[in-house]
Amino acid sequence: MQQWTDLFLNMPLPENWMKGLLFITFGLHLLFVLLMLGTAILSLLFFLRDLLRQPSPSQHWNEHVAHSHMGLKSLAVVLGVAPLLIMQVSHSQAFFTVTVLFSYSWLAIIPLLITAFLLFDAFAHKLGSTTWLALVCGIVGVAALLTVPAIFTGALALMERPASWADFAAHGVSLDTDWMPHWVLRYLHIVGAALAFGAAFHLFYSAKNDAPKAVLLRKWLIGALAVQAIIGFALLATILPQMSSPVLTLISLGALALGSALWILRPDSTAAAYRLLALLPLIFVTMLLARQLLQNEAMAPAQAEATAWRAQKAAELAPFSQKALDAFAVKLRTVYDNGDTIYDGACEPCHGLDGRGVGSESHRLRIPATDLAALRIDRDYAYEMIRDGTPGTGMPYFRMFDREKIDALLDTLDRRFSMFAATPPPPRDISPDSLEVWIAACAKCHAANGSVTASGKAMQPPPPDFRRSSVTHERALKIITEGYPGTGMPAYRNQPEKIREDLAIISNSFRAAHNKN
């Protein structure tokens, strides 16, 4: 096996590269998710606040905030594809296990996002004109939007706890699950971060020249960051057993940056706003990096176990891999190049090794298989039958074989059964009585010239074209006497033997004459 064809045993990139890519792509995705979610929540809250203060408030600024959600959601969705794909490759066992365990809610993300996006767009367009419609669309849309991170955080929390997979599979979501507090706090932490980053975004984006709005957003930012500090400490308590020095260092650095941001935002502060722009990314990166380290450490044992198992299986199979590939290559060459193999695999079960139509599966056929050893046929006619099959019989089409393979099979048929040998010319003249019988009975299907009549073509299966196909005299006489079971060919045993002998000669005379011409 080659490294790049053994997809189940190798990663496309070194493990650390995969972790780095996952951190960057997930960070970008999460940033725009927070901005989108925060914008949606804040615009709805500002709308409700203004609505409670006066029946018909001006919604100009709220419309501006709400419309920014459209661009943010597009980036959030597009940037979410990359981390999902990377996690499928780098943590395939955990990812696919948990997505299956969360299958119902996981699939619900699609209709939830569609509902949320459509309703929030309606909210953004109606909040200045149709208040009641905007109210309904805003509440339902934001509620649907808030459900999505609950599913994602639940899946990630379970993904990091392989020991809980069996219990979750047996009992599903349960309030007494030991990781439920972590899930709830983690979800609230995401919502709080969305409010903080949404407020910060609009502080610099939509209210930088509007002092009253800036004051309002600074208050929201202070409140969101303060709540984040409280939820963060509670969340920290749920992961204390998993703490390591790098994680603790990162969390401490992030907490210090958060405290500094709160100090800058205090009401009597004169600190420049650009300091806040430096601190918020620092909070985001340190917390996300700590989260990434915790996730890697939690999933590392299961990942290492799976990697070791794959390596063990690869070592066990290595002595046989080249032998198996060689055997497969021989089989491949044989199947594609050897007509004997094609016949033995595809034709012999019905037609038999000797071509007499009594193969191992022939007893299952309603219409007996053709006696190939008695058949004398034009090569092109045989090619068409093999390629297209014979409707109404057990003879299937073999369009999976190209012309080269069918030609190889035809060579085998001719070598084994002399199928393409010439049909002997009539040994003698036939009687007028026999000709009358042919015209009266046989020509209804086979036509006077040995071709197939219109009524014959309508039959299932249609009779053969005697200008291109014949059988040995003995076989023709047997079919005329006994008929061909399952087809429209009746038995003519009531005809005198001399007539039946002549009919056999007539049926074979067409191909003899056609080939002679």
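Only a predicted model underlies this, so the values are computations on that prediction, with no experimental measurement involved. (Residues numbered from 1 in each chain as written. Predicted model: local features only at pLDDT ≥ 70, side-chain atom pairs only at ≥ 80, totals over all residues. Heavy atoms only, no water.)

Comments concerning the pattern of salt bridges
The tally for this structure, following the rule as stated, stands at 23 salt bridges. Between Arg49 and Asp50 there is a salt bridge, with the nearest N and O atoms lying 3.1 Å from each other. The partly exposed category is assigned to Arg49, whose relative accessible area is 23%. Between Arg511 and Asp378 there is a salt bridge whose closest N-O contact spans 2.8 Å. One end of the pair, Arg511, is in helix α17 (residues 497–516); the other, Asp378, is in the loop between β1 (375–377) and α12 (379–388), and 133 residues separate them in sequence. In this pair, the class of Arg511 matches that of Asp378, namely buried. Through salt bridges with shared partners, one network takes in Glu160, Arg161, Arg186 and Arg291. (Salt bridge = Lys/Arg side-chain N within 4 Å of Asp/Glu carboxyl O. Buried < 20%, exposed > 50% of the residue type's maximum accessible area, 1.4 Å probe, protein only. Helix = DSSP H or I, 4+ residues; strand = E, 2+ residues; numbered from the N terminus.)

Considerations on the packing of aromatic side chains
Under the counting rule described, the total for this entry stands at 16 aromatic pairs. Summarising the aromatic geometry, the rings of Phe398 and Phe401 are spaced 6.0 Å apart at their centres and angled 0 degrees between planes, so their arrangement reads as stacked. Residue classification places Phe398 among the buried positions, given a relative accessible area of 12%. In this structure Phe401 comes out as partly exposed when scored by relative accessible area, which is 21%. Ring geometry for Trp438 versus Phe510: centroids 5.6 Å apart, planes at 35 degrees, classification tilted. Taken together, the residues span a long stretch of sequence, with Trp438 in helix α14 (residues 432–446) and Phe510 in helix α17 at a distance of 72 residues. Classification of Trp438 as buried rests on a relative accessible area of 3%. A network of ring pairs unites the aromatic residues Phe95, Phe96, Trp106 and Phe152 as a single cluster. In this structure, Arg403 is placed above the aromatic ring of Tyr383, and the distance from its NZ or CZ to the ring centre is 3.7 Å. (Phe/Tyr/Trp six-rings, centres within 6.5 Å; stacked < 30°, edge-to-face > 60°. Lys NZ or Arg CZ within 6 Å of the ring centre and 35° of its normal.)

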